[in-house]
Amino acid sequence: SIADNTVTENANWSLAITPQVGTPTVSADFDAEGNPLVVKEDNSATVTFSASVAAGTDDVLTGAQVNGLDASASYIINGGAPITGVTSTNVTFAPGTVSTNVVIEVVPKEDSDVDLGTITVVVTAADGNNPGVTTTQSASASVVVDAVLDEYADVGQSAAGSASEAITSQNVALNLT
């Protein structure tokens, strides 16, 4: 009532809260631009992708998709069994993961110096209370295979080399043993 200087009013209202997921941070210790992973032929090398949820959130990391694998090479992910013959694979993280690494050991095809392209790791983050609400972020690293000199042949020479020439041919005897 107005006489006692109070007013009472009632209204119905609702509030809808939409879950949000912060974009996770994903990085690699090598990249696709100017700092590739260099693997010496007939050896292996490792690239590490680091991922974490956005700061100040209740988000969790659920997994990663690893793309750009070369089917002719082998890959060992997080110390698991070697993977060959595929161009992509998935990694599942433990429940409640907020920060992790995806460590990929790259083993090129034997006696090949063919570069292996670009590996891309796409990490998925989910809202901690609403796992159906997700977002992704990725990082990439190029893989260059560097040729190495295989064992050389130790040869000797039994006599000085000789050559004979004609208009249509040239014969050279190196006398190697």
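Each remark here, short or long, concerns the structure printed above.
Cut-offs applied
- Residues numbered from 1 in each chain as written.
- Predicted model: local features only at pLDDT ≥ 70, side-chain atom pairs only at ≥ 80, totals over all residues.
- Heavy atoms only, no water.
- Patch = residues over 30% accessible without salt bridge, like charges linked within 9 Å, V, L, I, M, F, W, Y side chains within 5 Å.
- Areas by Shrake-Rupley, 256 points an atom, 1.4 Å probe, with all protein chains shown as cover.
- Salt bridge = Lys/Arg side-chain N within 4 Å of Asp/Glu carboxyl O.
- Lys, Arg positive; Asp, Glu negative; His and termini not counted.
- Charge placed at Lys NZ, Arg CZ, Asp CG, Glu CD.
- Helix = DSSP H or I, 4+ residues; strand = E, 2+ residues; numbered from the N terminus.
- Pairing = 2+ DSSP bridges.
- Axes fitted to C-alpha atoms, helices over the stretch in contact; angles between N-to-C directions.

Chemist: Describe a negative patch on the surface, listing the residues and the values that go with them.
Modeler: A contiguous patch of negative charge on the surface is contributed by Asp42, Glu110, Asp111 and Asp150. Note that Asp111 resides in the loop between strand 8 (99-107) and strand 9 (117-126).

Chemist: Pulling in residues and values, what's your account of the sheet that holds strand 9?
Modeler: Think of a sheet as strands paired side by side through backbone hydrogen bonds, with each pair either parallel or antiparallel. Judged by pairing direction, the sheet is mixed, and its five strands sit side by side in the order 2-10-9-4-7 without closing on themselves. The two strands at the open ends of the sheet, each matched to only one other strand, are strand 2 (37-40) and strand 7 (88-92). Strand after strand, the sheet turns through a mean of 25 degrees between neighbouring axes, direction not considered. The sheet contact formed by strand 4 (residues 60-67) and strand 9 spans seven bridges and is antiparallel. Each residue of the ladder has a partner; that of Ala64, found in strand 9, is Val123.

Chemist: Break down the sheet that holds strand 6 (residues 83-84) for me, citing the residues and quoting the values.
Modeler: Ordered in space as 1-3-8-5-6, the five strands form an open sheet in which the pairing is antiparallel. Two strands in the sheet have a free side with no partner beyond their single neighbour: strand 1 (25-28) and strand 6. The pairing of strand 5 (residues 74-77) with strand 8 spans four bridges and is antiparallel. Along strand 8, the bridge assignment pairs Ser74 with Val107.

Note that all results are geometric; they support no functional claim without further evidence.
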